[in-house]
Amino acid sequence: MGSGPSDNKKKEQITINRRRDDECRRISIPNVQNILLIWLDNNIDENNEDCQHTITQLRLVVHSIHTFVDDDQCIEFIQGITNTKACLIVSGSLGQNIVLRVHDMSQIDSIFIFCSNKTRHSRWIKKWPKIKGIFTDIKRICDALKKTAQQCEQNASSISFIDPSQSTTPFASIRKISTIQKENEVLFSMHTVFRIHKIQSIRANKHLYKVNLALTSDQDQDLCVLTEQIRQESFPKATGWYRLGLVLDDMGQFDKAAEIYEILLNQSSNENTRAPIYGQLGSIKCKQGKYSEALVFYEKALTIYQKTHPSVAQQSLPSNHPHLQMYRNQLENIKKKL
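Residues numbered from 1 in each chain as written. Predicted model: local features only at pLDDT ≥ 70, side-chain atom pairs only at ≥ 80, totals over all residues. Heavy atoms only, no water.

**Comments concerning the nonpolar core**
Generally speaking, nonpolar side chains in soluble globular proteins are found buried as a group.
Phase 1 of the analysis: Among the nonpolar cores identified, the biggest contains 25 residues, and L88, V102, I111 and I113 are the most heavily contacted of them.
Phase 2 of the analysis: Where this core is concerned, the elements lending two or more residues are β1 (32-40), α3 (71-79), β3 (85-91), α4 (92-102), β4 (108-114) and β5 (131-135).
Phase 3 of the analysis: Every residue in contact with I113, bar those within four places of it in the chain, is listed here: V90, G92, G95, V99, W124, I125, I131, G133, I134 and F135.
Phase 4 of the analysis: Core analysis: the second largest hydrophobic core is formed by 21 residues, I44, I55, I89 and I141 among them. (Core = buried A, V, L, I, M, F, W, Y, C linked by side-chain atoms within 4.5 Å. Buried < 20%, exposed > 50% of the residue type's maximum accessible area, 1.4 Å probe, protein only. Helix = DSSP H or I, 4+ residues; strand = E, 2+ residues; numbered from the N terminus. Contact = heavy atoms within 4.5 Å.)

Below you can see the structure in the form of structure tokens.
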């Protein structure tokens, strides 16, 4: 018996489905999580098989996809986007009108015109830099979208909590240049400060949390107050490595502070600068209970101070001069403990 019309249609459908599956496998695009994709077309019907296939291919590139058939609803949605970027796919019939309305919105990163008639739109798109081109099939859109989305991620890293109005560049994705690309590493710049907006547990895992952050601006009043307070508490009259040593000492990091001062001693040939360094080393050794070593450092500090200030030897300075009194008191206290 020969096959009937219905059998032939089934065979054709199977062939089409296989081609689509092969096409999806050929694309093989890493999914981008931090970019929104918006598709605007009057003819979108999510119950239609072709439409479903298109969405499936797009979702291989960008996880979050929003479809619209009404341009006003689409624009309203875009206006409500915060703390992330969006790529827009728009049909040729709506393209010129919608681009005029959304191109300058900060939420829009790039625009893709989806139309079979390239000639019709090739002229007007030239004046809109966010338009990536005119695309006649979904595979070409996916290829272009992949590059755009990855570049957007690389430029802003976890852009879901970056405010593009900020004047600083706090971090960047180094996934493409890292030796361990699977870890998707992010490099943070020093002094990056975020506000914690929300913390929530992820699914049933009590030890894993999602944290929503917002980058603080250089003009953030609370941050300015905090920064000034920290500055005043971290020995503002001192400078450079000597100041770092003071901070480490204040934190109780005595070994690290001592290491800093040892380096400064090796680098210094000026007696005037070596005296306070010896004094700090004496103070650190005293706090560590190493009184014999502390005594040596304090004696060196006092000797240098007397040598570089002849007026001390001539007793023109009072005996209670701050520098002399400090070293002498420390020496007396240490000798009592030995």
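Having seen it, we continue.
**So, helix α8 (residues 240-250)**
Phase 1 of the analysis: Looking at α8, one finds that the buried residues are G245, L246, L248 and D249. Buried residues along α8 cover an arc of 165° about the axis, so they all sit on one side. For α8, the exposed residues lying more than 90 degrees away from the buried face are G240 and D250.
Phase 2 of the analysis: Residues of α8 that are buried make contact with α9 (254-267) and α10 (271-287).
Phase 3 of the analysis: Remark: G252 follows α8 within two positions and exhibits a positive phi of approximately 85°. (Arc of directions from axis to C-beta.)

**Re the pairing of β5**
Phase 1 of the analysis: In terms of burial, β5 is largely enclosed, as 4 of its 5 residues are buried.
Phase 2 of the analysis: Judged from the 4 bridges that link them, β4 and β5 form a sheet pairing that is parallel. Looking across to β5, one finds that I111 is bridged to I131. (Pairing = 2+ DSSP bridges.)

**Digging into a nonpolar patch on the surface**
Phase 1 of the analysis: On the surface, a cluster of nonpolar side chains totalling about 400 Å² of accessible area is made up of I196, I199, Y209 and V211.
Phase 2 of the analysis: For the nonpolar patch, the elements supplying multiple residues, two or more each, are β8 (194-202) and β9 (205-215).
Phase 3 of the analysis: If you trace the backbone, Y209 turns up in strand β9.
Phase 4 of the analysis: Look at Y209 and you get partly exposed, because its relative accessible area is 48%. (Patch = residues over 30% accessible without salt bridge, like charges linked within 9 Å, V, L, I, M, F, W, Y side chains within 5 Å. Areas by Shrake-Rupley, 256 points an atom, 1.4 Å probe, with all protein chains shown as cover. Salt bridge = Lys/Arg side-chain N within 4 Å of Asp/Glu carboxyl O.)

**As for the environment of A214**
Phase 1 of the analysis: Mapped onto the elements, A214 comes out in strand β9.
Phase 2 of the analysis: Sequence spacing of A214 and V193 is 21 residues, and the spatial spacing of their C-alpha atoms is 8.7 Å.

**With respect to the environment of Q107**
Phase 1 of the analysis: Mapped onto the elements, Q107 comes out in the loop between α4 and β4.
Phase 2 of the analysis: As a C-alpha pair, Q107 and T82 span 25 residues in sequence and 7.4 Å in three-dimensional space.
Phase 3 of the analysis: Q107 has contacts with I78, Q79, I81, T84, K85 and A86, leaving out every residue within four places of it along the chain.
Phase 4 of the analysis: Within the structure, the side chain of Q107 is placed 3.4 Å from the backbone oxygen of I81, a separation counted as a polar contact. (Polar contact = N/O pair within 3.5 Å; in protein donor to acceptor, adjacent residues only side chain to side chain.)

**Section: the packing of α8 against α10**
Phase 1 of the analysis: Between α8 and α10, the shortest axis-to-axis distance is 12 Å and the interhelical angle comes to 15°. As judged from the angle between their axes, α8 and α10 are roughly parallel. In the packing of α8 onto α10, the handedness of the crossing is left-handed. Across the interface between the two elements, Y242, L246 and D249 from α8 touch P276, I277, Q280, S283, I284 and K287 from α10.
Phase 2 of the analysis: Looking at the contact of α8 with α10 residue by residue, the classes come out as 5 nonpolar, 2 polar and 2 charged. (Axes fitted to C-alpha atoms, helices over the stretch in contact; angles between N-to-C directions. Parallel < 35°, antiparallel > 145°, perpendicular 65-115°, else oblique. Left-handed = near helix turned anticlockwise from the far one by under 90°. Nonpolar A, V, L, I, M, F, W, Y, C, P; charged D, E, K, R; others polar.)

**Focus: the pattern of salt bridges**
Working definition: two side chains of opposite charge can pair if their charged atoms are close together.
Phase 1 of the analysis: Applying the stated rule across the entire model yields 9 salt bridges.
Phase 2 of the analysis: Measuring nitrogen to oxygen at the nearest pair gives 3.0 Å for the salt bridge that ties D72 to R101. You can see D72 sitting in helix α3 and its partner R101 sitting in helix α4, a full 29 residues away along the chain.
Phase 3 of the analysis: For R140, the salt bridge identified is with D137, shortest N-O distance 2.2 Å.

**Considering the side chain of Q107**
Phase 1 of the analysis: Since its relative accessible area comes to 13%, Q107 is described here as buried.
Phase 2 of the analysis: Only 3.3 Å separates the side chain of Q107 from the backbone oxygen of I78, close enough to count as a polar contact.

**Here's the deal with the confidence of the model for the protein**
Detailed reading of the predicted model is not advised wherever pLDDT is low.
Phase 1 of the analysis: The pLDDT averaged across the protein works out to 76; a share of 75% of its residues lies at or above 70.
Phase 2 of the analysis: Mean pLDDT across the elements of the protein bottoms out in helix α1 (residues 5-27) (43) and peaks in α9 (92).
Phase 3 of the analysis: This stretch, residues 156-161, has a pLDDT under 50; its non-local contacts, to residues over four places away or in other chains, come to 24 contacts.
Phase 4 of the analysis: Predicted confidence is poor over residues 312-321, with pLDDT under 50, and the contacts of this stretch with residues over four places away or in other chains come to 12 contacts. (pLDDT = per-residue confidence, 0-100.)

**Here we look at the environment of L295**
Phase 1 of the analysis: Within the fold, L295 resides in helix α11 (residues 291-308).
Phase 2 of the analysis: Taking the relative accessible area as the measure of exposure, L295 reaches 15% and is therefore buried.
Phase 3 of the analysis: Distance in space between the C-alpha atoms of L295 and E332 is 9.3 Å, their sequence separation being 37 residues.

**As for unusual backbone geometry**
Phase 1 of the analysis: Located in the positive-phi region is F235, a residue other than glycine, with phi close to 55°.
Phase 2 of the analysis: Within the secondary structure layout, F235 lies in the loop between α7 (221-233) and α8.

**Structural notes on the packing of aromatic side chains**
Phase 1 of the analysis: Inspection of every chain in the model, using the stated rule, returns 4 aromatic pairs.
Phase 2 of the analysis: Plain terms: the ring middles of F112 and F135 are 5.7 Å apart, the flat faces sit at 50° to each other, and that makes the pair tilted. Residue F112 is located in strand β4, and its partner F135 is located in strand β5; the two are separated by 23 residues in the primary sequence. (Phe/Tyr/Trp six-rings, centres within 6.5 Å; stacked < 30°, edge-to-face > 60°.)

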